[in-house]
Amino acid sequence: MAVSCREKEQPFVSRNVDLTVTVSDGNSLAPIHLAEVTIDYEHRLTGQDGTCLFEKLIFGRHTITIKADEYEDYTASFVVEEGMTSLPVKLTTLPPYLEVDFESINTLSLKGTKEIQIRSNSDWKVVSDSPEITFNKASGHGSGTFIASWSFQPDSTGLDYKEAFFSVRNAYDTLDFGVRVAMPIFITEVEGISNNFEKDPNGKDSCIVRFSRKVKDVKVLIPEEREVYWLDDYSVSFAIPAPMLCRAYPVNKIIASSANGDGSELRAEDVKIPFYDKLVIFDGVNAGLYLYPDRKTLWMATIGPDKLRKIDTKSFEVLKEIDLDFHPGPLALNPHNGMLYVIDNHLVTDETPEVAKTIRVVDPNTGREIKRIAIEPDEEDIRHNYTSISPYKVVFAENGMGAVLVSRDRIRLIDSCDGDRVIKHQYLEREFEPDFEDTEHHIRDIMLDNAGTGFLALILNSYSFFNLDSDGVNGSHFKLPNPPGDPEEEYGFHGHLWIYKQHREKPLFYLVTPYGEALYDRSSNAYTDPFIRLPGWNSVGDFCYGTPFGEDVCTFLFNRNGFFLVLDHTTKEIKYDCNIPSTSTYVEDFISFYEGDRVLVYENMVDKTYFTVLNTSRFW
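Just so it is clear, the structure is predicted and the values come from calculations on it, not from any experiment.

A.B. asks: Honestly, the overall build of the chain in this entry has me stumped. Any pointers?
C.D. replies: A count of helices and strands for the chain gives 1 helix and 52 strands. By the burial criterion, 47% of the 620 residues in the chain qualify as buried. Intrachain contacts of the chain at a sequence separation of at least 6 include 51% that bridge at least 24 residues. Of the accessible surface of the chain, which amounts to about 30800 Å², a share of 49% is contributed by carbon and sulfur atoms.

A.B. asks: Please clarify how the side chain of Ser 470 should be interpreted in this entry.
C.D. replies: Turning to its location among the elements, Ser 470 is positioned in the loop between strand S40 (464-469) and strand S41 (475-479). For Ser 470, a relative accessible area of 9% gives the class buried. Of the polar contacts made by the side chain of Ser 470, one reaches the side chain of Asn 399; its length is 3.1 Å. The residues touching Ser 470, leaving out its near neighbours within four places in the chain, are Ala 397, Asn 399, Met 401, Thr 453, Gly 454 and Phe 455.

A.B. asks: Which parts of the structure should I look at to understand the nonpolar core?
C.D. replies: Generally speaking, a soluble globular protein has its nonpolar side chains buried in company with each other. Of all hydrophobic cores here, the largest spans 27 residues; its most connected members are Trp 299, Leu 308, Leu 331, Leu 340, Tyr 341 and Ile 359. For this core, the secondary structure elements donating two or more residues are strand S27 (297-303), strand S30 (328-333), strand S31 (340-344), strand S32 (358-362), strand S34 (391-396) and strand S35 (401-406). At 4 residues, the largest contribution of residues to this core is made by S31. Those residues in contact with Leu 331, other than ones at most four positions away along the chain, are Gly 288, Leu 289, Tyr 290, Trp 299, Ala 301, Leu 308, Leu 340, Tyr 341, Val 342 and Val 394.

A.B. asks: Whenever I open this one, the sheet that holds S30 confuses me. Can you help?
C.D. replies: Adjacent strands of a sheet form backbone hydrogen bonds with each other and so pair up, either parallel or antiparallel. With antiparallel pairing, the 4 strands of this open sheet are ordered in space as S30-S31-S32-S33. Edge positions in the sheet fall to S30 and strand S33 (369-374), since each of these pairs with one other strand and no more. Taken pair by pair, the neighbouring strands of this sheet meet at an average axis angle of 25°, ignoring direction. Pairing between S31 and S32: 4 bridges, direction antiparallel. From the neighbouring strand, Val 342 faces S32, where its bridge partner is Arg 360.

A.B. asks: What is the right way to read the pairing of strand S11 (residues 123-128) from this model?
C.D. replies: Remember that side chains alternate between the two faces of the sheet whenever the strand is regular. Alignment of S11 against strand S13 (residues 139-141), held across 3 bridges, turns out to be antiparallel. By the bridge assignment for S13, Asp 123 is matched with His 141. Here 5 bridges tie S11 to strand S15 (residues 161-170), and the two strands are oriented antiparallel to one another. Across the sheet, Val 127 pairs through a bridge with Ser 167, a residue of S15.

A.B. asks: So what exactly am I meant to see when it comes to the environment of Asn 170 here?
C.D. replies: Position of Asn 170 relative to the elements: it lies in strand S15. We classify Asn 170 as buried; its relative accessible area is 12%. Setting aside residues up to four positions removed in sequence, Asn 170 forms contacts with Tyr 97, Leu 98, Ser 120, Ser 122, Asp 123 and Trp 124. In this structure the side chain of Asn 170 is engaged in a polar contact, spanning 3.2 Å, whose partner is the backbone oxygen of Tyr 97. Here Tyr 172 takes part through its backbone nitrogen, which lies 2.9 Å from a polar atom of the side chain of Asn 170.

A.B. asks: Quick question: what am I supposed to make of the pairing of S35 here?
C.D. replies: Burial analysis of S35 places 6 of its 6 residues in the buried class, which makes it a mostly covered element. The two faces of S35 match: Met 401, Ala 403 and Leu 405 on one face and Gly 402, Val 404 and Val 406 on the other face are all buried. In this structure, S34 lies alongside S35, joined through 5 bridges in antiparallel fashion. Residue pairing for S35: Val 395 is matched across the bridge by Ala 403.

A.B. asks: Can you help me understand the confidence of the model for the chain in this one?
C.D. replies: Interpretation of this model should avoid reading the predicted coordinates in detail wherever pLDDT is low. This prediction gives the chain a mean pLDDT of 77; 70% of its residues lie at or above 70. Note that residues 489-493 has pLDDT below 50 and, in this model, 2 contacts with residues that lie over four places away or in other chains.

A.B. asks: Looking at this structure, how should I read a negative patch on the surface?
C.D. replies: A contiguous patch of negative charge, built from Glu 431, Glu 433, Asp 435 and Glu 437, is present on the exposed surface. In this fold, Glu 433 is placed in the loop between strand S37 (421-423) and strand S38 (443-448).

A.B. asks: Which parts of the structure should I look at to understand the pattern of salt bridges?
C.D. replies: Between side chains of opposite charge, a pair can form as their charged atoms come close. Summed over all chains, the structure comprises 15 salt bridges. Between Glu 321 and Lys 307 there is a salt bridge; the shortest N-O distance is 3.5 Å. Of the two residues, Glu 321 is situated in strand S29 (residues 318-323) and Lys 307 in strand S28 (residues 307-312); the sequence distance between them amounts to 14 residues. Asp 325 is paired through a salt bridge with Arg 360; the nearest N and O atoms lie 3.6 Å apart. A residue pair is termed long-range when its members are at least 10 positions apart, and Asp 325 in the loop between S29 and S30 and Arg 360 in strand S32 qualify at 35 residues.

A.B. asks: What is the right way to look at the side chain of Asp 415 in this model?
C.D. replies: Note that Asp 415 resides in strand S36 (residues 410-415). One buried charged side chain, Asp 415, makes no salt bridge at all; its nearest oppositely charged neighbour is Arg 421, positioned 4.2 Å away.

A.B. asks: I tried to follow the packing of aromatic side chains on my own but got confused; where do I start?
C.D. replies: Two aromatic rings are characterised by how far apart their centres lie and by the angle between their planes. Within this structure, the stated rule accounts for 15 aromatic pairs. Each ring, one from Phe 282 and one from Phe 611, has its centre 5.8 Å from the other, and the planes form 85°; the classification is edge-to-face. One end of the pair, Phe 282, is in strand S25 (residues 278-283); the other, Phe 611, is in strand S52 (residues 608-615), with 329 residues separating them in the sequence. You can call Phe 282 buried: its relative accessible area is 7%. Taking 5.4 Å as the distance between ring centres and 50° as the angle between the ring planes, the aromatic pair formed by Phe 432 and Phe 466 counts as tilted. With Phe 432 in the loop between S37 and S38 and Phe 466 in strand S40, this residue pair connects regions lying 34 residues apart in the sequence.

A.B. asks: What is the right way to look at unusual backbone geometry in this model?
C.D. replies: Note on backbone geometry: most residues besides glycine have negative phi, and most peptide bonds are trans. The peptide bond linking Gly 304 to Pro 305 adopts the cis configuration, its omega dihedral lying at 10°. Looking at where Pro 305 falls in the secondary structure, it is placed in the loop between S27 and S28. Backbone geometry at Leu 34 places phi at a positive 65°, although glycine is not the residue there. Along the chain, Leu 34 falls in the loop between strand S1 (16-25) and strand S2 (36-39).

A.B. asks: What should I look at first to understand the sheet that holds strand S10 (residues 111-120) in this one?
C.D. replies: Taken in spatial order, the 4 strands of this open sheet run S8-S10-S14-S12, and their pairing is antiparallel. Bordering the open sheet on either side are strand S8 (98-100) and strand S12 (133-135), each of which pairs with just one other strand. The average undirected angle you get between the axes of adjacent strands in this sheet is 30°. As paired elements, S8 and S10 share 3 bridges and run antiparallel to each other. Within S10, the residue paired with Leu 98 across the bridge is Ser 120.

Calculation criteria
- Residues numbered from 1 in each chain as written.
- Predicted model: local features only at pLDDT ≥ 70, side-chain atom pairs only at ≥ 80, totals over all residues.
- Heavy atoms only, no water.
- Helix = DSSP H or I, 4+ residues; strand = E, 2+ residues; numbered from the N terminus.
- Buried < 20%, exposed > 50% of the residue type's maximum accessible area, 1.4 Å probe, protein only.
- Contact = heavy atoms within 4.5 Å.
- Areas by Shrake-Rupley, 256 points an atom, 1.4 Å probe, with all protein chains shown as cover.
- Polar contact = N/O pair within 3.5 Å; in protein donor to acceptor, adjacent residues only side chain to side chain.
- Core = buried A, V, L, I, M, F, W, Y, C linked by side-chain atoms within 4.5 Å.
- Pairing = 2+ DSSP bridges.
- Axes fitted to C-alpha atoms, helices over the stretch in contact; angles between N-to-C directions.
- pLDDT = per-residue confidence, 0-100.
- Patch = residues over 30% accessible without salt bridge, like charges linked within 9 Å, V, L, I, M, F, W, Y side chains within 5 Å.
- Salt bridge = Lys/Arg side-chain N within 4 Å of Asp/Glu carboxyl O.
- Lys, Arg positive; Asp, Glu negative; His and termini not counted.
- Charge placed at Lys NZ, Arg CZ, Asp CG, Glu CD.
- Phe/Tyr/Trp six-rings, centres within 6.5 Å; stacked < 30°, edge-to-face > 60°.

Dropping the structure here:
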């Protein structure tokens, strides 16, 4: 008989348990909600009742870690055994504390911010006794971050510094802090440079510089350090080598520190003497400039070599350079798609008749040409015997609609939201009163309006303008009266504008005519008092958009041959005048920057472009 032998099967015994961890306050025994419990590598958060469940914990030794706001961290080891189903843990509250990551703020800036990290185990609140200080967060609970900001304005009290105070408080402690801001030193007056152009053969021309505060340790570098002679606590004098007067050279600095030892300084980059702060020369002839709205970056098109250059307007470092296979002309950046629209400036020949009607679209990031946009004459152009309508200037509104001045007297639109379709502005197709009849073919210039959403077009030989909405449909038109002092037909230039510019923030027009300058206020539809009349000037002008103290007070003027004026059009005072020697005897144009601290002058030579940067802080 065959017998089969098998072991008797044993019953299964579980070697793990489900464990409930209960977390409570060691003093009050109240449950702690949202405590972070970790056993080995598994994490749980406690509920409202202070408990959380860990399933199937194997028998043996484990490590538990518990963290909760306002309590000390807890770490321990424990052994899971048969029959164990719960593990109670009591946490110890942290002692009261209030901490921040700094003790005081010291700055040389009139305007400043400070990010402050705070650590606390209770509610905290920021209390300020100084109205100059504001906070982005005035209160909180536990750890957090708040930002203190301050803005001090200089005053005439003669103080060398200002102080402000604030406190951070919780239920247990108060921490007091202070902001100490040294008043800046700036130059109030410079003599011997702006008005003295007679060159002393012995090189004894002198310059007197006056400071806003008592100073010490004054150093003048033109470009090497020069000996200074003290006139009083606020003034020094030094000799200028005659050949250097009104010359352009790159390093000219004045350095000074406060005589009261409060840490305030006139930094080396703040003031430079004399007029030419920096002269930058690029190879090639400037054919077009596009200045970013923040005035910090400039795109420049040059011919010979054919390039696009992206330039930092503070340092004049070339940030990017794009080689082109065509002669670039005026250009603009389209804010809608970020592309550069560059007019092809090739000369028209029998072999290349089409290039005079072409705009190239270039990707500023890759330098790659995306497309070409041709602007063809339509039936009306041909009827008026306009068979070639070459683009001359291009500007873009924020919505991606571009206005192109073609053949210097007509306008076409580029709709970049519709495949760069070329269209006419419908408002110009309307019938107008006699002063505006047939003006579609008599546009002299076009620019963006103040808001950057439409276009302002000047009609040839008049004070008449079109406001064209960037929808391509709507618009308006207006005519300015003759400015005060207009000689009517006496000089044969009645109604002719050489230059017009609009203030970017205010409804002001700056007008340059053959017989003077005028300022027109659109809000009141009237001229302000003319602040200068210079018969015979063929000048260019621009607004100063702010002094170091935030005021909008001045207008800059340049004569084409290099004569420079700074005018306060509130007081009618000429704040500065100088005859700046021009390298080519012809200043092409200039740009005043938003802060009012720099003027950028440029002029074309035969094969070079000269950029002169003037530091205007000494004017104030």
